[in-house]
Structures are given as structure tokens and as C-alpha cells.
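# Structural overview
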Amino acid sequence: MVKKRRRSLIFQDRKAAGSRRALVAGSVGNFIEWYEFGVYGYFATIIAARFFTPEGGGEAEALVRTYAAFALAFFFRPVGAALFGRLGDRVGRRPVLILVIALMTGATTLIGALPTYAQAGAVAPWLLTFLRVLQGLSAGGEFGGAVSVMTEFAPPGRRGLYGSWQSFTVALGLLGGAGAAALLATVLTERQLGDWGWRLPFLLTLPLGLAALWLRLRLDETPAFREEHEAERPPVRQVVGAVALGAGRIMGWAAAGYTFLVVLPSYLQGTLDASFRQALVATVLANLGFAATIVPAGLLSDRVGRRPVMLTGAVLVAVLAVPLLNHLQDTGTSNAVKGVAVCGAGAVVGLMAGPGPAMLAELFPTNVRYTGLGLAYALSNAVFSGCAGLIITKAVERTGNLDIPGYYAAATCAVSVLALLKSPARKAG
């Protein structure tokens, strides 16, 4: 009896250790992915000047081209989600996640070593765009695999909590990118930052990626995949419907997240004449608010369901997005109030991001989960995140309406509200 109990305890300890290992191995890739995307967004104005401004080109035109390359990477995410997702649903989560992190690390590191337009001419923006495409492919394969691993290793009743760590490491990645940019902006002169300082955050990806690769090499395959990947797959129409539903549910999360967490620095600099450092401080505060609510929101969704928590976040963004921007535009508003406003905006987005991964995972059976949830996330992000900077920058330039970012976030969240209300609520689990 004692031996049986001891074996049971050992099994439980190993299972708990496997769950923790899956959580770390899944999270680290998300951190690197969003660290790089954040860095690219934060240094958008510098990248525009170094890669997209031939002699005689205007600053606004260069920034639009920079965001076009940004958007292009997002449009390759669904391709990566379909390609790597199919592999992950057939050969396993572990080997595909190892391949994805290697591709992501290589492409990001090479951006830091690229020649600029002044050094290589017209080939420079093409090389940058090519590496952004590789990043888009790898990022498309990252989310589905990471969330599958986290939720399939999660203890019963803890999918929301485990899945929320995907979003939490997104926040940590964006904060890491903002922190690196802020540190460089503090210790380097503006000329040094533009000449070579912007390269350092990209080159830092190499040691981070090697650490992530080591963690994933130690990862076990998920028990759910071993048991269920050969089961009969659902009809294609059913999977497509679930992908469309999932994409609609997270549309607001994707758009509002990128509007307030990544596009905000360039908007503040280009539209409200804020300094680079002021814009970064605002972004750090927004990401701190975002990070603070993600895990509690995921945990709460395990108790009350995914839909109520996500609905709360989407409704708040739809109602408050434009008033928030009006506070930022008002020269009479104190910096403290502006800081609280951007921090609150990030916190509200976190209410959607916390339960989001588990909600997507629960839409699909195990043998199509990697592909299905990866496609839903990638499609929504390709359209509503990847294009956010391009749409907002171009719309503000043409119309002169400074409220465009608020309208964009509010409209997409309103659609997510409808998607969440139309679909039947699912029991958390």
C-alpha cells in the first residue's frame, strides 16, 4: 500500500514537473517573438530612415513603407500556421516547435547585421522584407504549438491559467523590447542610436534563442497528442467555422493590443510631437498595465468562463478608446493622468488576452488543434494587428483626424463583442 502510494506521488511529481517544463518551453518562444516585433515597432522611425528613405524620400512615406514590411510579415503568419500546424498535428508539437524557434532566432539576429540603404542601396529594404517574411512564417507556427503544449499539459480546470502565460510572455516580450529601446535611448546619443545602436536589441536575440532551443530540446510530447492524434478528424467545414469564430472573438484583442502597445510610440512622435523617450515611457506603462491583468484574467476565466471576462475587456475598449486618445491629445492633461490612462488601456486589453489562448484551444479537438487555433490567431493578427500601423498612419496622414487609432480599436472590439455574444458560452475547463 505504501509502495503504491509512493509510486502515485512520484507520478504526480513527474506530471507536475512536465507541466512546468511545458509552460516555460512554450512561453520562451513567445517572449522572443514579441520582443522582436516590439523592437521593430519601437524603432520604426529609425528603421524607416535607414532602410526606406532613398534620397529625396519623405519621412511619412518611409514610415508607411516600414509598416508595410511590418504588415507583410503578419500576412505570412497564416501560411506558417497552416504549414507548421499541419506538421504539428501529424508528427508532434515538440519537433515543430524546435524548428520554429531556430528559424525565428536566425531571422531576427540577421536583421541586426543587415546593411542599410546607404550601404547596399535598393537591396537593403528587400533583404529586410525577406527576413520579415521568415519571421512571419515562424511566428505563425509558434502560437498554435505553444498554446497546444501549454493547454494540453495543463492540470484539470487550469487551462485558462496555463494559456494566459502565452499572453503574459507576449507582454514581457513587448516590455523587454521597450526596455531595451529605452535603455539605449538613455545611454546613447541620438546619432549613435541611429548609426548602430538600433542593431543591438536584434543581435541580443541570438543568446535568447539558443536558451529557448535548449529548453525545447528537453520538452516531452504532450500526452493528449500521443493518445488522440490518430483519431478521426472533424469535417473541414466544421474546422473552418471554428477558425472564423475564433478569429472574430479575438479581433478586438489583436487590434487594440497593437494599437496601444506597439503603434503608440510612432503615433505619439509623428502626430503629437512627443519625444522618443516620452513615447517609450508611455508604451512601457501601457505594457505594464497589460501584463498586470493577463494571468488574473486567465485564472478568473477558469472559474466563471472565458466569455464573460473577454466580453468585459472588449466592451471597455469599445467605450473608452476615443476618450483615452482625447486625454493624450489634451495639452492641459497632466503627465500623471496620461500615464494612468495608457496603463489602464493596457490593463483592459489584458482582460481579452488572458482567457484568449484557452478559449481558442477549446474550439478544436487535439488532432487539428495546432492548425486550427494557429490559423484563427494568425488570420486575426494578420489583418487587424499587422495592418494597424499602416492603416492608422495612412488614415491620420490623409484625414488629419487624430482620433483614428481610437476609432480603429473601438470598431474591432465592437465586432468581437458581437462574436462573443452570438456564440454559445463554453464551460471553462
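Only a predicted model underlies this, so the values are computations on that prediction, with no experimental measurement involved.

## Structural notes on the overall build of the protein chain
Within the protein chain one finds 20 helices and zero strands. Relative to its full complement of 429 residues, the protein chain shows a buried share of 58%. Considering only residue pairs separated by 6 or more positions, the protein chain has 86% of its internal contacts joining residues 24 or more positions apart. Of the roughly 17700 Å² of accessible surface on the protein chain, a fraction of 65% belongs to carbon and sulfur atoms.

## Some words on a nonpolar patch on the surface
A cluster of nonpolar side chains, Val315, Leu316, Val319 and Leu320, forms an exposed patch at the surface whose accessible area comes to about 320 Å². Within the element layout of this structure, valine 315 appears in helix H15 (residues 306-329).

## With respect to empty space enclosed by the protein
Here the structure, examined in full by the defined rule, presents two cavities of 30 Å³ or more. Each pocket or cavity is described by its volume, and for the largest cavity that value is around 150 Å³. Within the residue set of the lining of the largest cavity, elements represented by two or more residues are helix H8 (159-187), helix H13 (236-272) and helix H18 (366-384). For the lining of the largest cavity, the element with the highest residue contribution is H13, accounting for seven residues. Each residue belonging to the lining of the largest cavity can be placed in one class, and the counts come to eleven nonpolar, four polar and no charged.

## Quick notes on the nonpolar core
In terms of nonpolar packing, the biggest core is built from 100 residues, with Phe43, Phe260, Val317 and Leu360 touching the most fellow members. Ranked by residues supplied to this core, first place goes to H13 with 15 residues. Excluding residues that lie within four positions of it along the chain, leucine 360 makes contacts with Phe143, Gly246, Ile250, Leu373, Ala376 and Tyr377.

## A word on the packing of aromatic side chains
Going through the model one piece at a time under the given rule, you end up with seven aromatic pairs. On the basis of an interplanar angle of 80° and a centroid distance of 5.1 Å, the ring pair of tryptophan 165 and phenylalanine 168 is categorised as edge-to-face. Here the residue tryptophan 165 and the residue phenylalanine 168 both occupy positions in helix H8, the gap between them amounting to three residues, near one helical turn. Take phenylalanine 168: its relative accessible area is 17%, and that puts it in the buried class.

## Some thoughts on the environment of leucine 97
With respect to the secondary-structure elements, leucine 97 resides in helix H5 (residues 93-111). According to the relative accessible area criterion, leucine 97 is buried, its value standing at 0%. Sequence separation between leucine 97 and glycine 29 is 68 residues, and the spatial gap between their C-alpha atoms is 8.5 Å. Dropping the residues within four chain positions of it, leucine 97 is found in contact with Gly141, Glu142, Gly145, Ala146, Val149, Arg216 and Tyr370.

## Regarding H5
Taking 1.5 Å per residue, 19 residues should reach 27 Å; H5 reaches 27 Å between its end C-alpha atoms and fits that length. Along H5, the positions that sit buried rather than exposed are Arg93, Val96, Leu97, Ile98, Val100, Ile101, Met104, Thr105, Ala107, Thr108, Thr109 and Ile111.

Reading guide: rules and limits
Residue numbers run consecutively from 1 along every chain, following the written order of its sequence. In keeping with the model being predicted, local features are shown solely for residues with a pLDDT of at least 70 and side-chain atom pairs are shown and tallied solely at 80 or more, while totals for entire chains, interfaces and linings include all residues. Calculated side-chain values reflect all of the structure's heavy atoms, with hydrogen atoms and water omitted. The helix count covers DSSP runs of H or I at least four residues long, the strand count covers runs of E at least two residues long, and both are numbered beginning at the N terminus. Buried residues are those whose accessible area, probed at 1.4 Å on protein chains only, stays under 20% of the maximum for their type, while exposed residues exceed 50% and partly exposed ones sit between those limits. In what follows, residue pairs with any heavy atoms lying within 4.5 Å of each other are defined as contacts. Only the protein chains shown count as cover for residues, and the accessible areas themselves come from Shrake-Rupley with a 1.4 Å probe. Distance thresholds for patches are 9 Å for like charges and 5 Å for nonpolar side chains (Val, Leu, Ile, Met, Phe, Trp, Tyr), applied to residues having over 30% relative accessible area and no salt bridge. Salt bridge criterion: a side-chain nitrogen from Lys or Arg within 4 Å of a carboxyl oxygen from Asp or Glu. Using a grid of 1 Å spacing that covers the protein atoms alone, one calls a set of points a cavity when a 1.4 Å probe fits there but cannot get out, and a pocket when the set is open and has protein on both sides within 12 Å along at least five of seven lines; lining residues are those with an atom within 4 Å of a point. Grid points are joined across faces, edges and corners, and a volume is the space filled by probe spheres set on the points. All residues other than Ala, Val, Leu, Ile, Met, Phe, Trp, Tyr, Cys, Pro, Asp, Glu, Lys and Arg, Gly among them, are scored as polar; the first ten of these are nonpolar and the last four charged. Nonpolar core, defined: a set of buried Ala, Val, Leu, Ile, Met, Phe, Trp, Tyr and Cys residues in which side-chain atoms within 4.5 Å join the residues together. Think of it this way: a Phe, Tyr or Trp ring, Trp meaning its six-membered ring, pairs with another when their centres are within 6.5 Å, and the plane angle makes it stacked under 30 degrees, edge-to-face over 60, tilted otherwise. Residue count minus one, scaled by 1.5 Å, sets the expected span of a helix.

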